[in-house]
Each structure stands twice: as C-alpha cells, then as structure tokens.
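Now for the letters of each chain:
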Amino acid sequence: MSAAHLGVVPLFISPYLEFVVQNVDQLFARLIEHILITAETVLIAVPIGVSLGVLITYNDRAATAVLWLAGIAMTIPSLAAFGLLVPFLGIGSDPVVFTLILYSQLPVIRNTYVGLTGVEEATKEAGKGLGMTRQQRLRRIQIPMALPIILAGVRNAVVIVVGVAAVGAYIGAGGLGEFIFNGIRQGDSVMIVVATIIVSLLALVADYGIATVEQLLRIRNGEQVEQRASTQLIQKAR
Amino acid sequence: MAGVISTSLSGIRYLLDNLPEFWQLLAEHLVLVVASEIIAISIAVPLGVIAARHEKLKSPILSVGNVAQTVPPLAIIALMFPILGLGFLPSFVALFIYALLPVLVNTITGLESVDEGTIDAAKGMGMTQNERLTRIRFPLALPIIFAGIRTSTVINVGTAYLAFFIGGGGLGAWVISGINLFNMPQVFAGAISGAVLAISLDLLLAAVESRLGNSGPASAQVAA
Amino acid sequence: MIEFEDITKVYADGTEAIDGINFTVEEGTTTVLVGPSGCGKTTSMKLVNRLEEPTEGTVYVNGTDNQELDKIDLRRGIGYVIQEIGLFDHLTVGENIATVPELVGWDQSRIDDRVDELLELMDLSPEYRDQYPRELSGGQRQRIGVARALAADPDILLMDEPFGALDPITRENLQDEFLQIQDRINTTILFVTHSIDEALKMGDRIAIFDVGEVVQYDTPAEILSNPKNEFVENFIGENQTFKQLSITPVREVMDDPQAYESAESEVAPAADGGEYYSISPDSSLQVGLTRLLSIEHTTLPVVDGGEVVGFLTEDHVRSYFDSAGEP
C-alpha cells in the first residue's frame, strides 16, 4: 500500500493500518495457527458431542447426568484448565485443544439431544408406521430434522473455541492471542486493537458462515425463515 | 490418575496453607463479579423492557447484542487496557460489558416469546400496557431472563480470571503466577475455587429464581 | 345491548375489512357472527371492546358511543374469550379467574366466593383452584377461560371461536354446557365462528358475513328456511332439513297432553318408565325423531320434571316442516 493511499484514510486509523502492513506475515501466520487450533478442536469435539447427544436420548437419567457434567466443565476457568493440563500434556497447543474439546461439549451435546427429542411425535410415529427400525428412524428422520439445531450448537461451540483459543497463547499454543498478550506486556495498544479485531472478526465470520449453512438446512427442512443476505445469494446462485 | 489425585490434594493443601491470601483474592474476585453483574442486570433488564416495546430499537439492539457476544472475552479485556489503562476500573468495565449482553438479549427474547394469545386475552380483559408488562409479560419471561442472568454470571466468574492480565486482581493471580512458576498446586487451588464459586452462584440464582417466580409447577420449567 | 351503526373499517394498508354494517344485538341474547375467514367477523367483534377502532361509524354499548368510554374500563366490563384461550400459565386457575375482579379492586372474600361460584358453574371441582393451567386438558382450559371472562359479571361477553381449537367431542360437550350456562346468566353474547353448524346451535340470531358485509341477519330458523341469496344458501350447505331438525326444540312441535288422553292405551310404556321412551321438551327434533324411529310406538311422550307435558309423533314433525314451507 502506497503512502499516498494511506493519506486518504482518517488519521486515527493509519497507525493500525501501518501495523497491519508491517506485520502482515506474522499476523497471517498467527491467524492460520488460530484457525488450525479451532479446526482440530471442532473435528474431534463434534463427533464426540454428537455421539454423546445421540446416546443419551436412550436414557433420561444418563441425559441429565451428562448434560450436568458438560455444564460443570464450562465453569472451570479456561486459564486454570490450561495450567492444570500443562504437567500432563506439556506446553503448546495440546492442553488448549483438550480444554476446548471439553468446553465444546455442552452446546453440541445439548443441541443434539434437544434437536433429536424435539422432532415431532407425529413425524416419528409416521416413521414407525412405515416400518422403520429405531436406527433407521434416527438416521433418516430424526438426525436430518435435527441437523439445523445441531449445527446451531456447533456454531455456538466454534465461537467459544475461537475466543478461548486466544487465551491459549499464554501457555504457548500460538495463535492471535500472542499479539494480545505481547501487546499487554509491552503496553502497545495498537497491537492489542489489531489483534482483538482480527480475533473478533474470525469469530464473527465463523458464526455467520455456519449460520448460513444452518439456514439452508432449515429451508431444506421446509421451515419458514427470515433469510439473511448470504442465504439469498446462495439460493440465487443455484 | 495418581498424578491428578496428588495434584488435587497438594492444591487443597496449598489453599489451606495460604488462607489469608485466598480470602483476599476471593474477595477481589467476588467484588468484580458481583458488582459488574448487578450493574449489568440493573441496566440490561430495563433496557430490554424498553427495547421490547419499541420495534425500531429492538432489532438493532438484538443484532448488536448477538454480534457483541461473539467477541472473545480476552479481546474485551485487552481492549480496555488502551482505553482505561490498568486496575480495577478497566476490569470492572470489561466484565460489565460482557455480562450485560446475555441478560439484555434474553430479556428481549423472553418478553417476545410470551404467547400472543395470552397477551391478547390480557388486553381484551382491560389490562393497561403497564399491567400487562408487570402481571403477565414479565413473570412469564422470568425463566428466560433468569437463564440469561445465570449464563452471564457463570461466564463472568471465568472471565474475571483474565482480569488479572490488566491488573484487576482476583483468583487469576494464583492461576497465572502458578503457570509462570510452574506451581501446579497453586494453579489448582486458584482454579478449583473459581469453579466452586461459579457453581455456587449458579445454584444461588436458581434458588432465588424459584423463590421469585411462582411460574407454575417446577416440572414445567425444566429446560433442556 | 350492542348496536353497530354504519361501521366501516379500512386498515392502514388500504384493505377494507368492513363496509357499512348495521345491526343490533338485543340484551340477553346470543348473536353469532359467522362467515368464511377474512370476512370481517372478528374485526367487527373487536370493535366492541375497542381492540380495533372503526374508520367510520359508531358502536353503541348499552346505549353509549363506546368511543366516549375509557378503553380500559370498557374492556373490564366486557368478558372476552378467545380460541387461543390465553390462560396465564404463571398463575393458578383461581388467580386466572380472579384477574378482572382483582383489577377492578374487589375485596378478597368477594373474589374467593366468586371463584368458587364460577368453578361450580363451569362444572369444575374446587380442587382445580390451586392447580396451574398447564396441567389441564384443552376442554378444562377453555372452561376456565370462560369462567375468567364471566368473573366480574359482565353485561356483555365476546367469544372469538371459543371452541375452535378443541376436538369435536369436547367441542360438542362444551357447546351443550354453554347453552345451559347461557340460560342461567343474563348476558348479551357476541359469538364469532366460521362454522354454520355452531352458529345455528348457539345463536338466537345469526349475522352471516361475506367480505366485509352482513348479508343476512336473522334467527337460525329464518336463515334455514329463507336464505336471502345464493351466498347464504351455499354457506348453509346441504342438509338444510337435517340442520333445521337439530335447532328446533321439541316444545315447538309437540301437541298438548289432553289431545291424547283418549288414546292413552297407545302410549309407550313410558311416562314413568325408561328415559329412552320419553323426551325432554328442550331436546331437538333430531333427537326426538331418532327416538321415535327406534321405539315400537308411534307416539313419544314429552316429559319435563317428571310430568308429561306433551306428545310427539312423526306427523307433527312432518306438518311442522310443511308449514315452514320447506320440503
């Protein structure tokens, strides 16, 4: 970006832009790290959470217990969980991913459970009437119907993961949190502002992207939804 | 497993050996959480009530609220530093902002979710707008508003640990210096007390809720 | 008494809901507004308690232009029952019923007495008082909805599809019960439904609506025997005779007992005997005819309070319909 170009931007933005321009490589590297931690967590956490959510539909007592435990896991402060895992998993991203998997469980399990149990009795009944086994009903009716709700849980989890992963930088997991902690340490407010904006944007983009998929699924399921711009665009493109 | 148990035991021992400091940190933590939460509630609930009444205010407040909730807690804490510097005030403001959102969003959605037929009946029976709000809408929305308050409080206890990075004190002190010094008993002592605090506050609020709202049979309130 | 005078209602978006309606609901009677959806019947009803305001014209409630009355006071003096029932789930059944008396500031003992009285009127046992509405069935909930509307002893009761969300059997029961309650309370009732059968059953008079207009305002019998135009005819549908049978009470057709004193021997084992061989004067001709056809005798005694008050034969029914000018 040329200096002349920068001159056009209001004065108070220019130091931030300058920081971005000067550190673009570093920022990009940290962003990728952040995304990788998030992706690794989601890839492990979602299958576990969904399976647990499906399993507990078979037993009410197990459902209460599992949901309670997942809720308790969320009350452990992230920083503390990281710290406690360091002696067992070493420093770096492992204790962070482990903690984040725990944190993702409540939204994913809860939404899977609610989504599956919330499928209308009549629809399930119809499945029974057609001679479907319990497994077939689950696979062909309940899961597809519950998919948007499950995805909403995943979305919820991803937002938490992106946010908490930033704290993970404190125990050497990398990611955008590193800029935030360095900024606080060095009293560099420009660094803090830029890093927090990028982390927040990452969370927002993930949230918006998954929400769009969720809406498309709802439309496929025949629900009436107020469409967001992105959904309309995709629908048009088809 | 043996490692986990021995860490736990040594953590509890650390806590007992440093009781005066523990009370000090716990008090700091509680003051941060309780003060920010109470002020957040006392602003978010009335604001939610006003927003729910005015179509034009409602959707912008809801979308800003929902977007702001995706901003990571560390980001809000860190952003306070360039604006307000270090210490109690920036920590308090960050926690306040973060606590405000779930309560605000849940107040609006709670008031909105009250069945139209119920409101229609109340209107047809000659309730004024205020009577409908205080006798019907608000009590019916209370479980959802309380869910927001409970979520917000639990998150607040966890976020308050991060306040130590900007000089806000609290239990974060033990956890962070424990990590720095690789003092696991100290980390454990700091961590477990916060988890217990979060759970106790949640249970306390649940008790307050069941006292406050005579909102029907308990069974009907079990939300998934 | 409710009077609609030259009422027109145009919504902000330009749609005309009501176009110049005029009719009067006499005190103590039940008038049913009936018509297809979107015909303006519900809007007309909501003009009475000012949930809607007319664009032109005046609604008089007990002789007063309701625009001159305070909206809130007006509504508190008018009972209101809706299809969604709208019970307050956070309040007990007793508290739900007590809503309006509390709003208008009755003292607690009077409220308690009134709640007991209404539970009894609606055939609900006193133990429901402290239960929460969510625990109850649809029929019970609507009974409470009606009790709540009657609580402050309103002169006027508005009912918007009150039984519309109930299953057919519960609906039938509640209609029958409500007909009996209607006799015991002296309330002017405006009742909205889309079902002509319900209108014929519940109404003293019926206003048939077609897109914003009242096309016929008459008694059920008159509407069945003299439908004003094709719309009304189509709306009544098939089986007009059958419908007429179901709305005409035996009392109107039967002969007085003296006429049959000479033919005593012909009478079924009856008057004192099984209920099946007699009929109440308030039953419909439909029930009367069914019973006549199922007994071996040609004459059915009409019994009221253990006393024979008349007799019914197939000929009575036939000649009644001949004189009414219908096949």
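Residues numbered from 1 in each chain as written. Chains lettered and ligands numbered in written order. Predicted model: local features only at pLDDT ≥ 70, side-chain atom pairs only at ≥ 80, totals over all residues. Heavy atoms only, no water.

## Observations concerning the layout of surface pockets
All names here are of chain C.
Here comes step 1: Counted as a void, the second largest pocket has a volume near 1,400 Å³.
Here comes step 2: Together, 39 residues line the second largest pocket, and Leu179, Leu200, Lys201, Ser246 and Ile247 are the ones closest to its centre.
Here comes step 3: Among the residues making up the lining of the second largest pocket, the classes are represented as 11 nonpolar, 15 polar and 13 charged. (1 Å grid on protein atoms, 1.4 Å probe; cavity = no way out; pocket = protein on both sides within 12 Å on 5 of 7 lines; lining within 4 Å. Points joined across faces, edges and corners; volume = space filled by probe spheres on them. Nonpolar A, V, L, I, M, F, W, Y, C, P; charged D, E, K, R; others polar.)

## Side note on the arrangement of the chains
Here comes step 1: Between all two pairs of chains that are in contact, chains A and B come out with the most contacts.
Here comes step 2: The two units chain A and chain C remain apart, with a minimum C-alpha distance of 17 Å. (Contact = heavy atoms within 4.5 Å.)

## Concerning the environment of Arg211 of chain B
Residue and element names in this part refer to chain B.
Here comes step 1: You can see Arg211 is positioned in helix 9 (residues 184–212).
Here comes step 2: Take Arg211: its relative accessible area is 76%, and that puts it in the exposed class.
Here comes step 3: Separated by 164 residues in the primary sequence, Arg211 and Leu47 place their C-alpha atoms 24 Å from one another. (Helix = DSSP H or I, 4+ residues; strand = E, 2+ residues; numbered from the N terminus. Buried < 20%, exposed > 50% of the residue type's maximum accessible area, 1.4 Å probe, protein only.)

## Some details on unusual backbone geometry
Apart from glycine, the bulk of residues carry a negative phi angle, and the bulk of peptide bonds sit in the trans form.
Residue and element names in this part refer to chain C.
Here comes step 1: Positioned with a positive phi, Asp123 is a non-glycine residue whose angle comes to about 60 degrees.
Here comes step 2: Within the secondary structure, Asp123 is located in the loop between helix 5 (108–121) and helix 6 (138–150).
Here comes step 3: Residue classification places Asp123 among the exposed residues on the basis of a relative accessible area of 61%.
Here comes step 4: The backbone of Asp153 sits at a positive phi, close to 55 degrees, despite the residue not being glycine.
Here comes step 5: The residue Asp153 is located in the loop between helix 6 and strand 7 (156–160) in this model.
Here comes step 6: Asp153 gets classed as exposed once you look at its relative accessible area, which sits at 54%.

## Thoughts on the packing of aromatic side chains
Here comes step 1: In total, this model carries 13 aromatic pairs over all chains according to the counting rule given.
Here comes step 2: Arranged with centres 4.6 Å apart and planes meeting at 25 degrees, the rings of Phe4 of chain C and Phe23 of chain C form a pair that is stacked. On the criterion of sequence distance, the pair formed by Phe4 of chain C in strand 1 (residues 2–10) and Phe23 of chain C in strand 2 (residues 16–25) is long-range, its members being 19 residues apart. With respect to class, Phe4 of chain C is no different from Phe23 of chain C; both count as buried.
Here comes step 3: An aromatic cluster is defined as three or more aromatic residues linked by ring pairs; in this entry it consists of Tyr14, Phe22, Trp23 and Trp174 of chain B.
Here comes step 4: Here Arg110 of chain C stacks its cationic end above the ring of Trp106 of chain C, 3.6 Å away from the centre of that ring.
Here comes step 5: In this arrangement the basic side chain of Arg205 of chain C is found over the ring face of Tyr217 of chain C, its NZ or CZ atom lying 4.8 Å from the centre. (Phe/Tyr/Trp six-rings, centres within 6.5 Å; stacked < 30°, edge-to-face > 60°. Lys NZ or Arg CZ within 6 Å of the ring centre and 35° of its normal.)

## What to know about the interface of chain A and chain B
Here comes step 1: Each side of the interface is counted separately: chain A has 33 residues, and chain B has 33 residues.
Here comes step 2: Counting each side, the surface lost to burial between chain A and chain B is near 2,800 Å², with a carbon and sulfur contribution of 88%.
Here comes step 3: Counting every contact that joins chain A to chain B gives zero salt bridges.
Here comes step 4: Run the count over chain A and chain B and you get one residue pair in polar contact (both at pLDDT 80 or more).
Here comes step 5: Put simply, the parts of the chain that give the side of chain A that touches chain B at least two residues each are helix 4 (60–75), helix 5 (78–89), helix 6 (93–118), helix 8 (134–168), helix 9 (177–186) and helix 10 (189–220) of chain A.
Here comes step 6: Element by element, the count of residues in the side of chain A that touches chain B is highest for helix 10 of chain A, at nine residues.
Here comes step 7: Each residue belonging to the side of chain A that touches chain B can be placed in one class, and the counts come to 23 nonpolar, eight polar and two charged. (Buried area = accessible area lost by both parts, 1.4 Å probe. Salt bridge = Lys/Arg side-chain N within 4 Å of Asp/Glu carboxyl O. Polar contact = N/O pair within 3.5 Å; in protein donor to acceptor, adjacent residues only side chain to side chain.)

## Observations regarding the pattern of salt bridges
For side chains bearing opposite charge, pairing can occur when the charged atoms are close.
Here comes step 1: Scanning the entire structure with this criterion turns up 19 salt bridges over all chains.
Here comes step 2: Glu214 of chain A is the salt-bridge partner of Arg218 of chain A, the closest N and O atoms lying 3.5 Å from each other. You can see Arg218 of chain A and its partner Glu214 of chain A sitting in helix 10, four residues apart, about one turn around the helix.
Here comes step 3: Accessibility expressed as a relative area gives 19% for Arg218 of chain A, which makes it buried.
Here comes step 4: Among the salt bridges present, the one from Glu209 of chain B reaches Arg150 of chain B, with a minimum N-O distance of 3.6 Å. With a gap of 59 residues between them, Glu209 of chain B in helix 9 and Arg150 of chain B in helix 7 (residues 129–162) connect regions that are remote in the sequence.
Here comes step 5: Of the residues examined, Arg150 of chain B reaches a relative accessible area of 26% and is grouped as partly exposed.
Here comes step 6: Several salt bridges share partner residues, and in doing so they unite Arg155, Asp207, Glu214 and Arg218 of chain A into one network.

## Brief notes about empty space enclosed by the protein
Here comes step 1: Counted by the stated rule, this structure contains four cavities of 30 Å³ or more.
Here comes step 2: In this structure, the largest cavity encloses a volume near 60 Å³.
Here comes step 3: Residue lining of the largest cavity: Met125 of chain B together with Arg76, Ile78, Gly79, Tyr80, Val100, Arg148, Ala149, Ala151, Ala152 and Pro154 of chain C, and that is the complete set.
Here comes step 4: Of all the secondary structure elements, the ones that give two or more residues to the lining of the largest cavity are strand 6 (78–82) and helix 6 of chain C.
Here comes step 5: Ranked by the residues each element gives to the lining of the largest cavity, the list is headed by strand 6 of chain C, at three residues.
Here comes step 6: Considered class by class, the residues forming the lining of the largest cavity number eight nonpolar, one polar and two charged.

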